[in-house]
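Survey of secondary and tertiary structure
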Amino acid sequence: EAGVVQSPRYKIIEKKQPVAFWCNPISGHNTLYWYRQNLGQGPELLIRYENEEAVDDSQLPKDRFSAERLKGVDSTLKIQPAELGDSAVYLCASSLVQQETQYFGPGTRLLVL
Amino acid sequence: GDSVTQMEGPVTLSEEACLTINCTYTATGYPSLFWYVQYPGEGLQLLLKATKADDKGSNKGFEATYRKETTSFHLEKGSVQVSDSAVYFCALIGDPGGFKTIFGAGTRLFVKA
């Protein structure tokens, strides 16, 4: 069974540029999460989807971050414009609905110069 | 709010040494507790979990016991291997049905041959 797929694995951009990350969850997993992991810290939830619905986006900086999960499968997280402080690893995870165990992708490492 | 505190790393051990990584938590209710592991270049994966007081989670020779009286969930292994070198994250879900996972900062373990 394929795991959670994320792309790209690495991204280097200049500040004020836009950037997008893509995630394909495990087949059949209705719940999808986006996390941000700063260097030396644990992941912090940005947004959680149940199918197409964003059920928890309280930690998403909505002035520059946006996310979508069309058709309840793949998801895209966008930052526009990027700031130096957005340099981090962006993790996607998925789970079966109402299950606590999450399955993580390898992450996208973003560096903003 | 809910929080997780784990011992700072890195922890460096020789092969076959005993391992303890301390984790304490703060939560208002009765959280579920988890240990996730992140091997180099890979995503986080669940190592073990416990959902109620006095439960013991175990996997791959690792164990952790849910201690409500001390609000702790320390990770232990009797004999570590080089292949155990990774970053270990303690985490909790404090609101049953909410599935918002709070992670600790992670503890990096190096095991020398």
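Everything below is about the structure shown above.
So, here's what we can say about the structure. (Residues numbered from 1 in each chain as written. Chains lettered and ligands numbered in written order. Predicted model: local features only at pLDDT ≥ 70, side-chain atom pairs only at ≥ 80, totals over all residues. Heavy atoms only, no water.)

Below, the discussion takes up unusual backbone geometry. Residues and elements named next belong to chain A. In this model, S7 is joined to P8 through a cis peptide bond whose omega is -10°. Mapped onto the elements of the fold, P8 is located in the loop between β1 (5-7) and β2 (10-13). Cis geometry marks the peptide bond from Q80 to P81; its omega dihedral reads -5°. Its place among the elements puts P81 in the loop between β8 (75-79) and β9 (88-95). Even without being glycine, K71 reaches a positive phi, approximately 65°. (Helix = DSSP H or I, 4+ residues; strand = E, 2+ residues; numbered from the N terminus.)

Each side of the interface is counted separately: chain A has 22 residues, and chain B has 21 residues. Summed over both partners, the interface of chain A with chain B comes to about 1600 Å²; 51% of that surface belongs to carbon and sulfur atoms. Between the two partners, chain A and chain B, sit 0 salt bridges. Along the contact surface separating chain A from chain B lie 4 residue pairs in polar contact (both at pLDDT 80 or more). Breaking the side of chain A that touches chain B down by element, the ones donating at least two residues are β4 (31-37) and β5 (44-50) of chain A. When residues in the side of chain A that touches chain B are grouped by element, the largest group, 3 residues, is from β4 of chain A. When the residues that make up the side of chain A that touches chain B are grouped by side-chain class, the tally is 7 nonpolar, 11 polar and 4 charged. (Contact = heavy atoms within 4.5 Å. Buried area = accessible area lost by both parts, 1.4 Å probe. Salt bridge = Lys/Arg side-chain N within 4 Å of Asp/Glu carboxyl O. Polar contact = N/O pair within 3.5 Å; in protein donor to acceptor, adjacent residues only side chain to side chain. Nonpolar A, V, L, I, M, F, W, Y, C, P; charged D, E, K, R; others polar.)

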